[in-house]
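Here are the chains, one letter per residue:
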Amino acid sequence: MTIRLFNTLTGRIEELFPSDGKSLRMYACGPTVYDYGHIGNFRTFLQVDVLRRFLKLQGISPKHVMNVTDVDDKIIRNAAEAGVDIGEYTPKYEKAFFEDLDALAVEKPEIVARATEHIPSMVTLIERLAEQDCAYRTEEGSWYFRIAKFPEYGKLSKKDFSGIEDGARVDVDEYDKDSARDFALWKAPKPGEYHWLTELGPGRPGWHIECSAMATEYLGDGLDLHAGGEDLMFPHHENEIAQSESASHTTFARHWFHVRFLLVEGRKMSKSEGNFYTLRDLLLKGYKASAIRMLLISVPYRQQLNFTFEGLAAETGAVERLRTFYARIRGAATAAAENVALAAETAKCGKRFREALANDLNTAEARAAIFDLVRAGNAAMDAGTLGAGNVKQILKALGEFDSIFAVLEDHDAEWTRFALEWAEREGRMNEASAEVRAQLAMSDEQIHALVDERTQAKKSRNFARADQIRNELAEKGIVLEDSKGGVKWKRK
């Protein structure tokens, strides 16, 4: 099935394919490890995850490189305030980032490239630019890219920079979105600032050169796809294009994939608004990692997502519905004959699912197809018309769904416990809800013991004790389900 994806560079939906016919060479901007990641960051990483998972489902191997920016203005500033070297400051936040990716079931890229481990590649690239008079050195020892040497500047963001003032410079990594000035490739060190000694002189790289150097080192010139959040389109991605294409004289990336911002309760997320959330904030409030994943990919990547707690509660219910159906279909009694109508509906839903994702990663339509299958499957089980062949077909469709959405297996309790243990180590237990703190106080073994005691109490007709145990567990966020096969329990 042909994958068609919107290309920011051309402004059109185009076929996405590996140029070598084998593996799709894709680069995605990774984290700047100066603090814990927030849900806006993770929406981008999750949408990239959906893309790479669908590529694999279609038989295309991704060769996915993601950078870790472990040196930039913010990191240097925060490390100085903490009184430590950047090499001591960043590992904590890099480790936390990958833990959060695991909690959200985000697949690891094939290559993770840290900026501080690729300084020689950056120096070489700057030297190539200098040889072509696209980079110049200032008196204090910094190096800048000469934007006037790249007439196509602005072709990605579609901004008009015809009035660029040659030689006007900007030193900070992140700057005003309408400012087009010569940007820093290599920054001479300020007194006491961490730096490297290189052929360019002492200093450290600018933010933009990092991605160009690492992308081309691992993927070569002419990437198949470059991905990132829409906030990176200008200046970061525009600058990557300018410096990369000036050095190589070839297209830096054929396809550009940008994920829209999210709002929180209809407003831009910011600490000053009081609506800024990390993944750990939400886990400590009692929300499930699977529901957070489901919500952040529920709206297609080119549409703005309004993150609401009402929506998060709805996604919790949606995940539970899927898991309940998954468990029910695996244990269902089957009729002798195959349900022909259900077989046709299963095939139809599976086709809709794949076609939706192939059409610019329409995750909303893809999940709608699977929930239609859930309704049809439940109806057949209720009517006793589910055949053994139907079960096999439905499980195959659910497997394809979960290869993208990754929510059927329940690991939520362990990630909530992980967040609590982290909060305990960090002295942040006051940020955890009372219900979540209660869960930490009760182990799986203790729950099993109380469930067994309740079962015995019911057998001996001590219903008062049985009800007391149910209520005690409910207060700690443990839900019991009585069934013919015995008592099942789960954490809320």
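As the structure is a computational prediction, the values presented were derived from the model and not from experiment.

A. Representation of the overall build of the protein chain within the structure. The number of helices and strands found in the protein chain is 16 helices and 18 strands. Based on the C-alpha atoms only, the size of the protein chain along its principal axes is roughly 90 × 55 × 35 Å. Looking at the protein chain residue by residue over its 492 residues, the buried ones come to 54%. Pairs at least 24 residues apart make up 74% of the contacts formed inside the protein chain by residues separated by at least 6 positions. Counting every atom, the protein chain has about 21,400 Å² of accessible surface; 49% of that belongs to carbon and sulfur.

B. Broad picture of the packing of aromatic side chains. All chains considered together, the criterion is met by 22 aromatic pairs. The structure contains a cluster of three or more aromatic residues connected by ring pairs, namely Y36, Y89, Y93 and W422. Positioned above the aromatic ring of Y144 is the side chain of R169, whose terminal nitrogen or guanidinium carbon lies 5.3 Å from the ring centre. Directly above the aromatic system of Y326 lies the positively charged group of R330, at a separation of 3.9 Å from the ring centroid.

C. How the structure looks around the pairing of strand β9 (residues 182-187). In terms of residue burial, β9 counts as a mostly covered element, since six of its six residues are buried. Summarising the sheet, strand β7 (residues 143-145) and β9 pair through two bridges and their orientation is antiparallel. For W143, the partnering residue across the bridge sits in β9 and is W186. Bridging between strand β8 (residues 169-170) and β9 involves two bridges; their strand directions are parallel.

D. Focus on the sheet that holds strand β15 (residues 267-268). Pairing is mixed in the open sheet, where three strands are placed in the order β15-β14-β16. On the outer flanks of this sheet lie β15 and β16 (305-307), each paired with one strand and no other. Pairing of strand β14 (residues 262-264) with β15 involves two bridges; the strand directions are antiparallel. By the bridge assignment, V264 is partnered in β15 with R267.

E. Fine view of the side chain of K288. Relative to the assigned elements, K288 resides in the loop between α7 (279-284) and α8 (289-296). What makes K288 buried here is its relative accessible area of 9%. A polar contact is formed between the side chain of K288 and the side chain of E320, at a distance of 3.2 Å.

F. Expanded view of the sheet that holds strand β3 (residues 23-28). If you trace the five strands from one edge of the open sheet to the other, you get β5-β4-β3-β12-β13, paired in parallel fashion. The open sheet has two edge strands, β5 (111-114) and β13 (253-259), and neither has a second partner. Each neighbouring strand pair of the sheet contributes to a mean axis angle of 20°, computed without reference to strand direction. Bridge count between β3 and strand β12 (residues 223-229): three bridges; the pairing is parallel. Looking at the pairing, A28 lines up with A227 of β12.

G. Up close: the pattern of salt bridges. If you walk through the whole model with that rule in mind, you get 44 salt bridges. Across the pair R114 and E94 runs a salt bridge, and its minimum N-O distance is 2.7 Å. Of this pair, R114 sits in strand β5 while E94 sits in helix α3 (residues 86-103); the two residues are 20 residues apart in sequence, bridging distant segments of the chain. Judged by relative accessible area, which is 28%, R114 ranks as partly exposed. By relative accessible area, which is 11% here, E94 ends up buried.

H. Representation of the packing of helix α9 (residues 309-330) against helix α12 (residues 388-405) in the model. At a minimum axis distance of 10 Å, the contact between α9 and α12 shows a crossing angle of 150°. Judged by the twist between their axes, the crossing of α9 over α12 is left-handed. Residue-level inspection shows L322, F325, Y326, I329 and R330 of α9 in contact with α12, the latter providing V391, I394, L395, L398 and F401. Among the residues forming the contact of α9 with α12, the class breakdown is nine nonpolar, no polar and one charged.

I. Molecular detail of unusual backbone geometry. Residue P235 is reached from F234 by a cis peptide bond, and omega for that bond is 10°. Positionally, P235 belongs in helix α6 (residues 233-248). Backbone geometry places L361, a non-glycine residue, at a positive phi of 50°. Note that L361 resides in the loop between α10 (340-358) and α11 (363-383).

Reading the values: rules and limits
- Residues numbered from 1 in each chain as written.
- Predicted model: local features only at pLDDT ≥ 70, side-chain atom pairs only at ≥ 80, totals over all residues.
- Heavy atoms only, no water.
- Helix = DSSP H or I, 4+ residues; strand = E, 2+ residues; numbered from the N terminus.
- Buried < 20%, exposed > 50% of the residue type's maximum accessible area, 1.4 Å probe, protein only.
- Contact = heavy atoms within 4.5 Å.
- Areas by Shrake-Rupley, 256 points an atom, 1.4 Å probe, with all protein chains shown as cover.
- Phe/Tyr/Trp six-rings, centres within 6.5 Å; stacked < 30°, edge-to-face > 60°.
- Lys NZ or Arg CZ within 6 Å of the ring centre and 35° of its normal.
- Pairing = 2+ DSSP bridges.
- Polar contact = N/O pair within 3.5 Å; in protein donor to acceptor, adjacent residues only side chain to side chain.
- Axes fitted to C-alpha atoms, helices over the stretch in contact; angles between N-to-C directions.
- Salt bridge = Lys/Arg side-chain N within 4 Å of Asp/Glu carboxyl O.
- Left-handed = near helix turned anticlockwise from the far one by under 90°.
- Nonpolar A, V, L, I, M, F, W, Y, C, P; charged D, E, K, R; others polar.

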